[in-house]
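Remarks on the overall topology
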Amino acid sequence: MQILQIPKQELKEIISIFNREIGRFIFFVFVLFFDSIYFAENISDSQIWINILMLAGFFKMYFRSTPRVKELMIYAVILGFLGEYFFSRFLGMYTYRLENVPLYVPIGHAALYGRIFMFSKASVVRKHHKAIEQLFAISIAIFAIIYLAFFTDVFGFIMTICVFLLLLKRPKDRLFFYAMYILVAILEIGGTAFGCWKWPETAFGVFEFLPSNNPPSGISLFYFLLDISCFFIYTQINKKAWNRLKRFRKN
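Residues numbered from 1 in each chain as written. Predicted model: local features only at pLDDT ≥ 70, side-chain atom pairs only at ≥ 80, totals over all residues. Heavy atoms only, no water.

1. Section: helix 1 (residues 8–26)
Let me state the cut-off plainly: The bend reported for a residue corresponds to the angle between axes fitted to the seven residues ending at that residue and the seven starting there. Helix and strand assignments come from DSSP, with helices taken as H or I runs of at least 4 residues and strands as E runs of at least 2, each series counted from the N terminus. Three labels apply to residues, based on accessible area from a 1.4 Å probe with only protein chains included: buried if under 20% of the type maximum, exposed if over 50%, partly exposed otherwise in between. Residue contacts are counted whenever heavy atoms from the two residues lie within 4.5 Å of one another.
The axis of helix 1 is deflected most strongly, by about 45°, at Asn19. Along helix 1, the residues that are buried comprise Glu10, Ile14, Ile17, Glu21, Ile22 and Phe25. Summarising the contacts, the buried residues of helix 1 are in contact with helix 2 (28–31), helix 6 (104–121), helix 7 (123–127), helix 8 (129–151) and helix 10 (174–193).

Next up, the structure:
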């Protein structure tokens, strides 16, 4: 594997950046326990405290980000709210414990987006992006196949294939979305295990020919919509800067 060919010191640096930008976000999986069915039934309903914690984390990250990341994070929050209500409340694609849309979810989308963006833009990560992409792609493929084989996750497997197909002609986006796939999968496993939200046994609870696991493996496919929408809004609002960047890339 290409990852084994990276100099030891640079590999340590990559791991350090991953832990700083993404690893700490994985800690939020354990925080989700406080919005779990068990905690609500046996101790108290503390969803509001998770909302406050996520808001605090969001603003801490926001104020240490670059202007571009700040702007993208704002778009991600707005689109996150709209997307959550559309997919959860309107389409019934998944259901939250209290049948609402917890504030920490769309805020978390933006924080996740910003974390992965900063990881993928680190100089040493960009230098060895092909090796990292290879490792992530193999891990994703194994994960999706295991879910298909042991949990009959046809819906998730198809979405995972779509992720790979969409990235065939978007090589510059592979690192970002592979990292997003992995982080989203970890958060989904934790959230559903605690009962914070639940996915139906088939896609959207409607398509019987698409059995799904709780959660499905390739749900990060829908994060493409978030990214593409954020990027589109950014380019439309910052047309002059975007046109300068395109001219620079052509030279």
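Okay, back to it.
2. Looking at the side chain of Glu84
Put simply, the test is: Positive charges come from Lys and Arg, negative ones from Asp and Glu, while His and the chain ends are left out of the count. Any Lys or Arg side-chain nitrogen located within 4 Å of an Asp or Glu carboxyl oxygen qualifies as a salt bridge.
Of note, Glu84 is situated in helix 5 (residues 67–90). We note that Glu84 is buried and unpaired, the nearest opposite charge coming from Arg89 at a distance of 9.4 Å. Sequence-distant contacts of Glu84, that is, excluding residues within four places in its chain, are made with Arg89, Tyr94, Tyr96, Val101, Val105 and His109.

3. A short note on the pairing of strand 4 (residues 207–211)
As a reminder, the rule being used: Paired strands are those between which DSSP finds at least two bridges.
Summarising the sheet, strand 3 (residues 202–203) and strand 4 pair through two bridges and their orientation is antiparallel. What sits directly across from Thr202, in strand 4, is Pro211.

4. Concerning the nonpolar core
Note the cut-off: For our purposes a nonpolar core is just a set of buried Ala, Val, Leu, Ile, Met, Phe, Trp, Tyr and Cys residues, chained together by side-chain atoms within 4.5 Å.
Core analysis: the largest hydrophobic core is formed by 71 residues, its most contacted members being Phe28, Tyr104, Leu112, Ile116, Phe119, Val125 and Met180. Residues contacting Ile116, with those up to four places away along its chain left out, are Ile22, Phe176, Ala179, Met180 and Leu183.

Just geometry here; none of it tells us what the structure is for.
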